[in-house]
Amino acid sequence: MRRWLVELCVAGLLAAALLAASFLAPTESTMGHAQRIVYVHVPVAWLGLLAFLAMAGSGLGYLARRDLKWDHWFQAAGEVGWLCCGLTLVTGSLWAHKAWGTWWEWDPRLTAAFILWAIYSGVLLVRAGIEDPHRRARVGAVLAILGALDVPLVVMATRWFRGLHPVAPEMAPLMRVTLLVSVVGFTVFFGWLVCRRREQLGLESMTAELRRQMEG
């Protein structure tokens, strides 16, 4: 399939998600239009978790094969996932200000999500300080595998601990359809971003290898 057609499909799905969130979903009676934040918050939260699991999986792939192509997937998923996790905190804070009257609470799920963002940041910062690509891949893989233990804590926090964050809020059928469209649209966009970034990292690796061969 031609790349332009793929990119057109991605743009169409993302546009559909944004339009559905803006115009299709009914206005919630209590929070008003501020409730529409959830149509961004839930997809980026899901993708932040998915990306970290992709990092851990790519790390396992590298440790098993010692192939830096796995590390390229690791880095691509990590960068986009870090952004999604950060957007989760920002959109969650905006929603909390309207729903709870405060920008932040040390709610179990919020705390677990913040810890995940901190782990994301730590992994990427540690990797940025290591020049040897194989050592960087090994260290990143180990950190991501250990950090993945926080993912089930984020998912189950509202069920294991008492807090302010809703477990599964009631939604009108059209709201659920809109949320599903948003999750699909953002997930496809996420996959496209990760694939493009992985391609870029692969080209950078090939360029660096050619440069080393020319200088050697």
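Residues numbered from 1 in each chain as written. Predicted model: local features only at pLDDT ≥ 70, side-chain atom pairs only at ≥ 80, totals over all residues. Heavy atoms only, no water.

1. Description of the overall build of the protein chain
So, step 1. Along the protein chain, the regular secondary structure elements total 7 helices and 0 strands.
So, step 2. Across the 216 residues that make up the protein chain, the buried fraction comes to 38%.
So, step 3. In the protein chain, once contacts between residues fewer than 6 apart in sequence are set aside, the share between residues at least 24 apart is 78%.
So, step 4. Total accessible area on the protein chain stands at roughly 12,300 Å², and carbon and sulfur atoms take up 68% of it.
So, step 5. Of the side-chain charges in the protein chain, 20 are positive and 15 negative, and the distance between the mean point of each set is 4 Å. (Helix = DSSP H or I, 4+ residues; strand = E, 2+ residues; numbered from the N terminus. Buried < 20%, exposed > 50% of the residue type's maximum accessible area, 1.4 Å probe, protein only. Contact = heavy atoms within 4.5 Å. Areas by Shrake-Rupley, 256 points an atom, 1.4 Å probe, with all protein chains shown as cover. Lys, Arg positive; Asp, Glu negative; His and termini not counted. Charge placed at Lys NZ, Arg CZ, Asp CG, Glu CD.)

2. A closer look at the nonpolar core
So, step 1. F52, M55, C84, L116, Y120, F186 and F190 are the most contacted members of the largest nonpolar core, which has 27 residues in total.
So, step 2. Elements with a contribution of two residues or more to this core: α1 (3-24), α2 (38-65), α3 (68-99), α4 (108-128), α6 (150-160) and α7 (173-215).
So, step 3. The residues contacting M55, other than those within four sequence positions of it, are F74, A77, G78, Y120, V123 and A144.
So, step 4. In terms of nonpolar packing, the next biggest core, distinct from the first, is built from 7 residues, Y39, M171, M175 and L179 among them. (Core = buried A, V, L, I, M, F, W, Y, C linked by side-chain atoms within 4.5 Å.)

3. What to know about the packing of α3 against helix α5 (residues 133-147)
So, step 1. Their axes nearest at 10 Å, the elements α3 and α5 cross at an angle of 55 degrees. Classed by the angle they form, the pair α3 and α5 counts as oblique. As α3 runs across α5, the sense of the crossing is left-handed. Residues L68, D71 and F74 of α3 lie in contact with α5, whose contacting residues are P133, H134, A137, G140, A141 and A144.
So, step 2. Among the residues making up the contact of α3 with α5, the classes are represented as 6 nonpolar, 2 polar and 1 charged. (Axes fitted to C-alpha atoms, helices over the stretch in contact; angles between N-to-C directions. Parallel < 35°, antiparallel > 145°, perpendicular 65-115°, else oblique. Left-handed = near helix turned anticlockwise from the far one by under 90°. Nonpolar A, V, L, I, M, F, W, Y, C, P; charged D, E, K, R; others polar.)

4. Points about the environment of L24
So, step 1. The residue L24 is located in helix α1 in this model.
So, step 2. Note: C-alpha distance between L24 and M175 (151 residues apart in sequence) is 8.3 Å.
So, step 3. Filtering out sequence-adjacent residues up to four positions away, L24 remains in contact with L19, L174 and T178.

5. Quick look at α6
Within an α-helix, residues lying three or four positions from one another point in the same direction, as the helix has 3.6 residues per turn.
So, step 1. Here α6 has its buried residues at D150, V151, V154, A157 and T158. End-on, the buried residues of α6 take up no more than an arc of 150 degrees, which puts them together on one face. (Arc of directions from axis to C-beta.)

6. Some words on the pattern of salt bridges
So, step 1. Applying the stated criterion across every chain, the model contains 7 salt bridges.
So, step 2. Ionic pairing is found between R3 and E199, a salt bridge with its closest N-O pair at 2.7 Å. Of this pair, R3 sits in helix α1 while E199 sits in helix α7, and the two are 196 residues apart along the sequence.
So, step 3. Within the structure, one salt-bridge network assembled from shared partners comprises R3, E7, R196 and E199. (Salt bridge = Lys/Arg side-chain N within 4 Å of Asp/Glu carboxyl O.)

7. A closer look at the side chain of Q75
So, step 1. Within the fold, Q75 resides in helix α3.
So, step 2. Judged by its relative accessible area of 17%, Q75 falls in the buried class.
So, step 3. The residues touching Q75, leaving out its near neighbours within four places in the chain, are L124, R127 and L201.

8. What to know about the packing of aromatic side chains
So, step 1. This model, assessed by the stated rule, comprises 8 aromatic pairs.
So, step 2. Consider the rings of W95 and W100, whose centres lie 5.7 Å apart with planes at 90 degrees: the pair is edge-to-face. (Phe/Tyr/Trp six-rings, centres within 6.5 Å; stacked < 30°, edge-to-face > 60°.)

9. Concerning a nonpolar patch on the surface
So, step 1. Among the surface-exposed residues, L13, L180, V184 and V188 lie close enough to one another that they form a single nonpolar patch of about 300 Å² accessible area.
So, step 2. Counting residues per element, the nonpolar patch draws most heavily on α7, at 3 residues.
So, step 3. Within the fold, V184 resides in helix α7.
So, step 4. Assessed through its relative accessible area of 39%, V184 is described here as partly exposed. (Patch = residues over 30% accessible without salt bridge, like charges linked within 9 Å, V, L, I, M, F, W, Y side chains within 5 Å.)

10. Things to note about the confidence of the model for the protein chain
So, step 1. Here the protein chain averages 91 in pLDDT, and 98% of its residues register 70 or above.
So, step 2. Of all secondary-structure elements in the protein chain, the lowest mean pLDDT belongs to α6, at 88, while α5 reaches the highest, 97. (pLDDT = per-residue confidence, 0-100.)

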